[in-house]
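# Descriptive analysis of the structure
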Amino acid sequence: MEYLIGIQGPDFVLVAADNVAANSILQMKHDADKMFKLSEKILLLCVGEAGDTAQFAEYIQKNVQLYKMRNGYELSPSAAANFTRKNLADYLRSRTPYHVNLLLAGYDDTDGPGLYYMDYLSALAKAPFAAHGYGLRKRFILNLPSFTVRVIDKEGIHDLETLTSGPK
Amino acid sequence: MITFPLTIITPIHSHLVITSSGSGADCMLWERILAREIRLYHLRHRRRLSICGTAKLLSLMLHPFKGTELCVALTLQDVPVTAHSASPNSGPKLIYVCSDGARLQGDVFSVGSGSPYAYGVLDGGLRWGLSKEEAVSLAREAVFRATHRDAYSGNSVDLFHITAQGWSQRTREDLREEYYRDMKRREKIAEERRRVTTSDG
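Quick caveat: nothing in here was measured; it's all calculated off a predicted structure.

Residues and elements named next belong to chain B. The five strands are arranged β1-β2-β3-β4-β5 in an open sheet whose pairing can be described as antiparallel. One side of each edge strand has no neighbouring strand; the edge strands of this open sheet are β1 (9-13) and β5 (103-105). Sheet twist, expressed as the average angle between the axes of neighbouring strands with direction ignored, equals 20 degrees.

Right, here's the structure in full:
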């Protein structure tokens, strides 16, 4: 049970992801980071099937970096989101589709903050707020113990305090 | 018929040790393939591949087989000796790699059908600052309890201790009689306690 959430503000995007890496019923890691830094102002949040998440996200990450090396400037969040969606779509009807759900959050110097929702069927939607999974604290039968929180603004990506449930 | 001492823990080189679970045949094959690849890297680049690189290489080699019947769940442990001890790549590392594609670095892992039982014991006794004897005893207890309760785990326990100087192996211990020895030990402790309380009271 993994959880991602993103909220776009007037000049920032706030994102959070849970910290559990699970294998069936066991929690193998309680401090997993599900956010991948694509560039100085773009984060890709990725959840889904065990190997697919890291493989796909790192593939996108390296290709975005390669674009910067080849062309001298970085991809905009909108371009990165569409690039990601195209890759997901190309693999969808192959023998090896990637089962991943994504949020892409970024700050474009001209267009401002942007949040893009993508799912494993390669849907893409730009949204003011979006989430994957169930993050309810009180009513959900499973509790996710902690969340990594980051915010992206015109200065770049900033880490905020990790949220933990439990006695303070 | 060919027999050889079957080990779940396989040292690859002086500082890299791999434990395996899942399908025995798949694990034996992939350990050999990995050992070959990192030896080739060593010969080509004149330096050892880091454990993170080894884990990533293994993960990438297993990826094409995702969705097939291949079942391999390995943990790689390494204490690299590096010239710059302040670099983030130094220090002991433990990485879990499986045929599903997962690759996780962490402080403690238990893998296999008996892992829930082992986790139970491990999580109860684990803390930073354990002495070597305490750690060995905790690990041995975790394996013992898992082999007792899990139908697919059993026989004996191997213990490897890895430091910057390399790995060292404790003699293999048979656990088949261990349960009864443990029962007798507990009975003795309970009797002692009863004797002390009745003599006090």
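Attention now moves to the confidence of the model for chain B. Model confidence for chain B is summarised by a mean pLDDT of 89, while 94% of its residues fall at 70 or above. Listed scores for the predicted complex are pTM 0.85 and ipTM 0.79.

The next point concerns the side chain of K29(A). By the element assignment, K29(A) lies in strand β4 (residues 26-29). Within the structure, K29(A) has its side chain in polar contact with the side chain of D31(A) (distance 3.5 Å). In this view, K29(A) contacts N19(A), V20(A), A21(A), L104(B), Q105(B) and G106(B); residues no more than four positions away in its chain are not counted.

This part is about the domain arrangement of chain B. A common measure of how large an interface is: the accessible area buried when the components associate. All names here are of chain B. By the assigned domains, chain B splits into domain 1 (1-109) and domain 2 (111-157 + 169-196). On a C-alpha basis, the centroid separation for the pair domain 1 and domain 2 is 26 Å. Taken together, the contacts link nine residues of domain 1 with seven residues of domain 2. Summed over both partners, the interface of domain 1 with domain 2 buries about 610 Å², with 67% contributed by carbon and sulfur atoms. The tally of links from domain 1 across to domain 2 stands at zero salt bridges. Applying the counting criterion to the domain 1 and domain 2 interface returns zero residue pairs in polar contact (both at pLDDT 80 or more). In terms of residue class, the side of domain 1 that touches domain 2 is made up of five nonpolar, three polar and one charged.

Bringing the interface of chain A and chain B into the picture now. Between chain A and chain B, the residue contacts involve 12 residues of the former and 19 residues of the latter. It is L26(A), M28(A) and Q55(A) that lose the most area in chain A upon contact with chain B, and together they represent 43% of the buried surface on that side. Run the count over chain A and chain B and you get three salt bridges. Ionic pairing is found between E49(A) and K66(B), a salt bridge with its closest N-O pair at 2.8 Å. Here the side of chain A that touches chain B is built from residues that sort into five nonpolar, three polar and four charged.

Moving on, we come to the pairing of strand β2 (residues 12-18) of chain A. All names here are of chain A. When you tally the buried positions in β2, you get five out of seven residues, the bulk of the element. Bridge analysis of strand β1 (residues 4-8) against β2 gives five bridges, and the strand direction is antiparallel. Residue pairing in the sheet places L4 in a bridge with A17 of β2. Between β1 and β2, which pair antiparallel in sequence order, lie three residues.

Right, let's get into the pattern of salt bridges. All names here are of chain A. Scanning the entire structure with this criterion turns up 27 salt bridges over all chains. Here D90 makes a salt bridge to K86, at a shortest N to O gap of 3.1 Å. Residue D90 and its partner K86 are located together in helix α2 (residues 77-92), separated by four residues, close to a single helical turn. Accessibility expressed as a relative area gives 46% for D90, which makes it partly exposed.

Scanning the entire structure with this criterion turns up zero disulfides over all chains. Of all cysteine sulfurs in the structure, the one in C98(B) sits closest to C46(A), which takes part in no disulfide; the separation is 16 Å. A disulfide-free cysteine, C98(B) has its sulfur positioned 8.3 Å from the sulfur of C71(B), the nearest such atom. Judged by its relative accessible area of 5%, C98(B) is buried.

Calculation notes
- Throughout, a residue's number is its position along its own chain's written sequence, starting from 1.
- To read the labels, note that chains go from A and ligands from 1, taken in the order they are written.
- This being a predicted model, a pLDDT of at least 70 is required before a residue's local features are given, and a value of 80 or more before pairs of side-chain atoms are given or counted; all residues contribute to the totals for chains, interfaces and linings.
- The basis for every side-chain value is the complete set of heavy atoms in the structure, and neither hydrogens nor water enter the calculation.
- Two strands pair if DSSP finds at least two bridges between them.
- Helix numbers and strand numbers start at the N terminus; a helix is a DSSP run of H or I with at least 4 residues, a strand a run of E with at least 2.
- Interaxial angle, 0 to 180 degrees, is taken between N-to-C directions of lines fitted to C-alpha atoms, where a helix line uses only the stretch in contact.
- The score called pLDDT rates the predictor's confidence residue by residue, from a low of 0 to a high of 100.
- We define a polar contact as two N or O atoms separated by no more than 3.5 Å, with the added condition that, inside protein, one atom must be a possible hydrogen donor and the other a possible acceptor, whereas residues neighbouring each other in sequence contribute only through side-chain atom pairs.
- In what follows, residue pairs with any heavy atoms lying within 4.5 Å of each other are defined as contacts.
- Domain delimitation in this document rests on an assignment produced automatically or drawn from a domain database.
- Here's the idea: put two parts together, see how much 1.4 Å probe accessible area each one loses, and the total over both is what we call buried area.
- Salt bridges are identified by distance alone: a Lys or Arg side-chain nitrogen within 4 Å of an Asp or Glu carboxyl oxygen.
- In the scheme used here, Gly and all other residues not listed as nonpolar or charged are polar, with Ala, Val, Leu, Ile, Met, Phe, Trp, Tyr, Cys and Pro taken as nonpolar and Asp, Glu, Lys and Arg as charged.
- Under the scheme applied here, a residue whose accessible area is under 20% of the maximum for its type counts as buried, over 50% as exposed, and between as partly exposed, the area being computed with a 1.4 Å probe on protein chains only.
- When two cysteine sulfur atoms lie within 2.5 Å, the pair is treated as a disulfide.

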